[in-house]
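One-letter residues, chain by chain:
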Amino acid sequence: MSEPVVSHEVRSPSLSDAVIPLVALTVLIGGSVALFGLKALDGPIQVALILACAVAALIALKNGNPWSAVQVAGQGALASITSALFILLAVGALIGTWNLSGTIPTLVYYGLGVLSPGYFYVATAVICGAVAMSIGSSWTTAGTIGVGLVGIATMLGVSPAITAGAVISGAYLGDKLSPLSETTILTAQMVEVDLYTHIRSQAWTSVPAFLIAAAGFTVLGVAGPPVRDAVPESIELAKLGEIFWINPVNLVPLLFLVVLWCGRFPRHWRCWPRHWSRAPRPRSSNETSSRASSPRSGPARKT
């Protein structure tokens, strides 16, 4: 005799069920950072994320969900971000290629060339925003041009702390508005929203906040203490020019990216003209039979 199938009643998660995974995630990540510091990124944080997923799975099992349903839910979540993962891999390769080809150093070179102590803070925010929007990474922007700008601020005599704030403000603005940003792409994929619709919705909050911060940086730059008239960043520009070939041609990949971004390629564009892919129209059975039964007429003779 076959054993009777026991049906389990699936209960809806309560408020505590929803809060427990979040608390577990916060405690595990905080503990990883407290124990390992910056080395937590090398593995402990990943283990913390897996343990937090296990806590959420246990709560789902407690509420009566079968393990097969938990597996299907996990597979669906992974399938929804598959395209985003491939985009992240492509963005990483793009940033490395731009760095080696001189595109990012050229952006840094021309950006530093227009700086002035009077509007150093707001210029820092704008430059970091432009670079972050072009490469789609706030951390890369802060770790490359941001570090250089903080060093130049020290040499100019302006506040490095305010400069760091300007770097973060511009970097996160560009990260939110860039179609190459991993967080922007992943969020749009998770909630199943068009990428550019998501960017426009973020602009309603990111742009006003940046404008307010830029106004504050302008006031701090104008009303701040006087700085030296020397421009020590010329030394940094000379060193950058010795390492990389600085030329406007290096900005062609960035221009090409902007063109593709404005055209929303490949959704609204075609890779080739329409007539190139025009295939012959298939004939119906009636046309084929009538063509086969009708006698062929030869060429008309001249009289």
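Model, not experiment: these values are computed from the prediction. (Residues numbered from 1 in each chain as written. Predicted model: local features only at pLDDT ≥ 70, side-chain atom pairs only at ≥ 80, totals over all residues. Heavy atoms only, no water.)

Undergrad: Can you help me understand the overall build of the protein chain in this one?
TA: The number of helices and strands found in the protein chain is 13 helices and 0 strands. Overall, the protein chain shows an N-to-C arrangement of helices and strands of α-α-α-α-α-α-α-α-α-α-α-α-α. Every one of the 303 residues in the protein chain was classed for burial, and the buried ones make up 29%. A sequence separation of at least 24 residues applies to 72% of the contacts in the protein chain between residues at least 6 apart. (Helix = DSSP H or I, 4+ residues; strand = E, 2+ residues; numbered from the N terminus. Buried < 20%, exposed > 50% of the residue type's maximum accessible area, 1.4 Å probe, protein only. Contact = heavy atoms within 4.5 Å.)

Undergrad: Would you take a moment to explain the packing of aromatic side chains for this structure?
TA: The geometry of an aromatic ring pair is captured by two quantities: the separation of the ring centres and the angle between the planes. For the structure shown, the criterion picks out 1 aromatic pair. Seen in terms of ring centroids, Phe120 and Tyr121 are 6.3 Å apart; in terms of plane orientation they differ by 70 degrees. Their pairing is edge-to-face. (Phe/Tyr/Trp six-rings, centres within 6.5 Å; stacked < 30°, edge-to-face > 60°.)

Undergrad: Just to check I follow, could you spell out the UniProt feature "transmembrane region" (unreviewed entry) in the protein chain for this structure?
TA: Taken from the UniProt record, the annotation "transmembrane region" (unreviewed entry) applies to residues 18–38, 45–61, 73–95, 107–133, 145–173, 203–223 and 243–262. Span residues 45–61 is 100% helix and 0% strand, its end C-alpha atoms 24 Å apart. The span residues 203–223 carries 100% helix and 0% strand; its end-to-end C-alpha distance comes to 29 Å. (UniProt positions renumbered as here; feature names shortened; annotations may be inferred.)

Undergrad: Could you clarify how one ought to interpret a nonpolar patch on the surface in this entry?
TA: On the surface, a nonpolar cluster with roughly 380 Å² of combined accessible area is contributed by Leu15, Val19, Val23 and Val27. When you line up the elements, Val23 lands in helix H1 (residues 15–36). (Patch = residues over 30% accessible without salt bridge, like charges linked within 9 Å, V, L, I, M, F, W, Y side chains within 5 Å. Areas by Shrake-Rupley, 256 points an atom, 1.4 Å probe, with all protein chains shown as cover. Salt bridge = Lys/Arg side-chain N within 4 Å of Asp/Glu carboxyl O.)

Undergrad: Quick question: what am I supposed to make of the nonpolar core here?
TA: Nonpolar side chains tend to gather and get buried jointly when the protein is soluble and globular. Counting 16 residues, the largest nonpolar core has Trp98, Ile104, Val131, Ile135 and Ile145 as its most contacted members. Among the secondary structure elements, those contributing two or more residues to this core are helix H4 (82–101), helix H5 (103–113), helix H6 (120–135), helix H7 (138–156) and helix H12 (252–263). Take this core: its biggest share by element is 4 residues, from H6. Residues Val122, Ala153, Ala166 and Phe217 belong to the second largest nonpolar core, which totals 15 residues. (Core = buried A, V, L, I, M, F, W, Y, C linked by side-chain atoms within 4.5 Å.)

Undergrad: I tried to follow the environment of Val150 on my own but got confused; where do I start?
TA: Position of Val150 among the secondary structure elements: in helix H7. The partly exposed category is assigned to Val150, whose relative accessible area is 25%. Along the sequence, Val150 and Val167 sit 17 residues apart, while their C-alpha atoms lie 8.4 Å from each other. Excluding anything up to four places from it in sequence, Val150 contacts Pro160, Thr163 and Ala164.

Undergrad: So what exactly am I meant to see when it comes to H1 here?
TA: Since there are 3.6 residues in each turn of an α-helix, residues three or four apart along the chain are aligned in direction. Across its 22 residues, H1 extends 32 Å between first and last C-alpha, which sits within 8% of the 32 Å expected from 1.5 Å per residue. Within H1, the full set of buried residues consists of Asp17, Pro21, Ala24 and Ser32. Projected down its long axis, H1 shows its buried positions confined to an angular sector of 60 degrees, all on one face. Pointing more than 90 degrees away from the buried face of H1 are the exposed residues Leu15, Leu22, Thr26, Val27 and Ala34. Residues of H1 that are buried in the fold lie against helix H2 (44–62). Of the residues trailing H1, Gly37 is marked for its positive phi of about 65 degrees. (Expected span 1.5 Å × (residues − 1). Arc of directions from axis to C-beta.)

Undergrad: Teacher, can you tell me more about the side chain of Thr184 here?
TA: Looking at the secondary structure, you find Thr184 in helix H9 (residues 182–190). The exposure class assigned to Thr184 is buried, which follows from its relative accessible area of 1%. The residues touching Thr184, leaving out its near neighbours within four places in the chain, are Asp175, Lys176, Ser178, Leu195, His198, Ile199 and Gln202.

Undergrad: Looking at this structure, I do not really get the pattern of salt bridges. What am I missing?
TA: Should the charged atoms of two oppositely charged side chains come close, the side chains can pair. On inspection of all chains with the given rule, the structure shows 1 salt bridge. A salt bridge links Lys62 to Asp17; its shortest N-O distance comes to 3.5 Å. Placement of the pair is Lys62 in helix H2 and Asp17 in helix H1, with a sequence separation of 45 residues. Lys62 sits in the partly exposed class, given a relative accessible area of 47%. Among the residues examined, Asp17 registers a relative accessible area of 8% and is labelled buried.

Undergrad: Where do I start with the environment of Pro105 in this structure?
TA: If you trace the backbone, Pro105 turns up in helix H5. Along the backbone, Pro105 and Ile246 are 141 residues apart, and their C-alpha atoms lie at a distance of 7.5 Å. Here Pro105 is in contact with Trp98, Asn99, Leu240, Phe244 and Ile246, once residues within four sequence places are set aside.

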